[in-house]
Amino acid sequence: MEFFTTFKITGSGLSAQRKKMDVISSNIANVTTTSTPEGGPYKRKMMSFASDPLEKGFDLDLKDAVNAVKVGQVTDEKEGFKKVFDPAHPDADKDGFVTLPNVNLMLEMTDLITASRAYEANATAFDAMKNMALKAMDIGK
Amino acid sequence: MTDDFLIRSSVDPLKPLTGIEPKKAEGDKSTEGVSFGSVLKDAITDINKLQNDADKAIAKVQLEDAGSIHDAMIALEKAGISFQVMMQVRNKILDAYQEVMRMSV
């Protein structure tokens, strides 16, 4: 059925925002992590989205117009580490400085709100499409 | 009298429509001879598949800790709406049947 296209697109949006939430919560959880398996402090993860053209399952008029969304890439932010003098810290370097992660908690909170609102928006679009489908069934009653 | 004549001659008589013919739907021939029963049966099979998909999606969320909640909900809604469409079609068929049965002979 053709309205399943909308379901597919909103579904991809929901998945993408949920993955974004995973990345954000990883950043928040590691806000004070000073050691990682690859060495050094935790590096803030950044995620980008990419459009995902739908191949089939919708009207011919919209063939090239409609895109779902997918996760583009997850990269590490390389700059913005803070050094704190703490010689007693197990991860302190020979001069007694500890490098803290480049996670800005306020930035993560705004990203979190954006992701959660975007998730809600996708869910609302889904509900709207469902209501349209149900309304269509009321025709002639 | 003359006015009447003038109006009549200036208005072109209506011509029968020629260029327009009912457009035949694509694949018209393939649907010929397919009974309504088999169409309905196919629809029910499709809906059954959607219901099974929804079941699988829920099982995935609850058992394997792998699926996402929204995927399960979307599968459920798909199954639900398809089922409702099928019920509407069934109601219409029953209405038509009862209408025929009420016909006085």
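Residues numbered from 1 in each chain as written. Chains lettered and ligands numbered in written order. Predicted model: local features only at pLDDT ≥ 70, side-chain atom pairs only at ≥ 80, totals over all residues. Heavy atoms only, no water.

(A) Representation of the overall build of chain A. Looking only at helices and strands, chain A has 2 helices and 4 strands in total. In chain A, the succession of α and β elements from N to C terminus is α-β-β-β-β-α. Here chain A has a C-alpha radius of gyration of 22 Å; the compact-globule value for 141 residues is 14 Å, and the former is much larger. The buried share of chain A, taken over its 141 residues, is 28%. In chain A, of all internal contacts separated by at least 6 residues, the share reaching a separation of at least 24 is 62%. For chain A, the separation between the mean place of its 18 positive charges and that of its 20 negative charges on side chains is 3 Å. (Helix = DSSP H or I, 4+ residues; strand = E, 2+ residues; numbered from the N terminus. Rg over C-alpha atoms; globule rule 2.2 N^0.38 Å. Buried < 20%, exposed > 50% of the residue type's maximum accessible area, 1.4 Å probe, protein only. Contact = heavy atoms within 4.5 Å. Lys, Arg positive; Asp, Glu negative; His and termini not counted. Charge placed at Lys NZ, Arg CZ, Asp CG, Glu CD.)

(B) Focus on the overall build of chain B. When you go through chain B residue by residue, the secondary structure sums to 4 helices and 0 strands. When the helices and strands of chain B are placed in sequence order, the string is α-α-α-α. By element, 60% of the accessible surface of chain B is carried by carbon and sulfur atoms, the whole surface being about 9,200 Å². (Areas by Shrake-Rupley, 256 points an atom, 1.4 Å probe, with all protein chains shown as cover.)

(C) Layout of the interface of chain B and chain A. Between chain B and chain A, the residue contacts involve 13 residues of the former and 16 residues of the latter. When the two sides are added together, the surface that chain B and chain A hide from each other amounts to roughly 1,300 Å², 73% of it contributed by carbon and sulfur. The largest contributions to the chain B side of the interface with chain A come from B:His70, B:Ile74 and B:Ile81, which together make up 42% of the buried area. Our count for the chain B to chain A interface comes out at 1 salt bridge. Salt-bridge contacts for B:Glu77 lead to A:Lys130; the nearest nitrogen and oxygen are separated by 3.2 Å. Taken together, chain B and chain A are joined by 3 residue pairs in polar contact (both at pLDDT 80 or more). No other element matches helix H4 (residues 69-101) of chain B, which puts 11 residues into the side of chain B that touches chain A. Residue composition of the side of chain B that touches chain A, by class: 4 nonpolar, 5 polar and 4 charged. (Buried area = accessible area lost by both parts, 1.4 Å probe. Salt bridge = Lys/Arg side-chain N within 4 Å of Asp/Glu carboxyl O. Polar contact = N/O pair within 3.5 Å; in protein donor to acceptor, adjacent residues only side chain to side chain. Nonpolar A, V, L, I, M, F, W, Y, C, P; charged D, E, K, R; others polar.)

(D) Representation of the nonpolar core within the structure. Counting residues in each nonpolar core, the largest one holds 16 residues, and the members touching the most others are A:Phe3, A:Phe4, A:Phe7, B:Ile74 and B:Ile81. Contributing elements (two or more residues each) for this core: helix H1 (4-29) and helix H2 (105-137) of chain A together with helix H3 (36-64) and H4 of chain B. In terms of residues, this core owes the most to one element, H4(B), which gives 5 residues. Here B:Ile74 is in contact with A:Phe7, A:Gly11, A:Leu14 and A:Phe126, once residues within four sequence places are set aside. (Core = buried A, V, L, I, M, F, W, Y, C linked by side-chain atoms within 4.5 Å.)

(E) The arrangement of H2(A) in detail. Between the first and last C-alpha of H2(A) there are 48 Å, a value that for 33 residues agrees with the 48 Å anticipated at 1.5 Å per step. Within H2(A) the residues assigned to the buried category are A:Glu108, A:Ala115, A:Asn122, A:Phe126, A:Met129, A:Ala133 and A:Met137. Structurally, H2(A) contributes buried residues whose contacts are with H1 of chain A together with H4 of chain B. (Expected span 1.5 Å × (residues − 1).)

(F) Molecular detail of the packing of H1(A) against H2(A). Residues and elements named next belong to chain A. The contact between H1 and H2 brings their axes to 9 Å, and the two run at 165°. Considering their axes alone, H1 and H2 lie roughly antiparallel with respect to each other. The crossing of H1 and H2 is left-handed. When grouped by side-chain class, the residues that make up the contact of H1 with H2 number 15 nonpolar, 7 polar and 5 charged. (Axes fitted to C-alpha atoms, helices over the stretch in contact; angles between N-to-C directions. Parallel < 35°, antiparallel > 145°, perpendicular 65-115°, else oblique. Left-handed = near helix turned anticlockwise from the far one by under 90°.)

(G) Summary view of the environment of A:Lys19. Residues and elements named next belong to chain A. Note on placement: lysine 19 falls in helix H1. In this structure lysine 19 comes out as partly exposed when scored by relative accessible area, which is 37%. Spatially, the C-alpha atom of lysine 19 lies 21 Å from that of proline 101, the residues being 82 residues apart in sequence.

(H) View of the packing of aromatic side chains. On inspection of all chains with the given rule, the structure shows 3 aromatic pairs over all chains. Of the aromatic side chains, those joined through ring pairs into one cluster are A:Phe4, A:Phe7 and A:Phe126. Across from the ring centre of A:Tyr42, 4.5 Å away, lies the NZ or CZ of A:Lys45, which sits over that ring. Over the face of the ring belonging to A:Phe4 we find B:Lys78, whose NZ or CZ atom lies 5.2 Å from the ring centre. (Phe/Tyr/Trp six-rings, centres within 6.5 Å; stacked < 30°, edge-to-face > 60°. Lys NZ or Arg CZ within 6 Å of the ring centre and 35° of its normal.)

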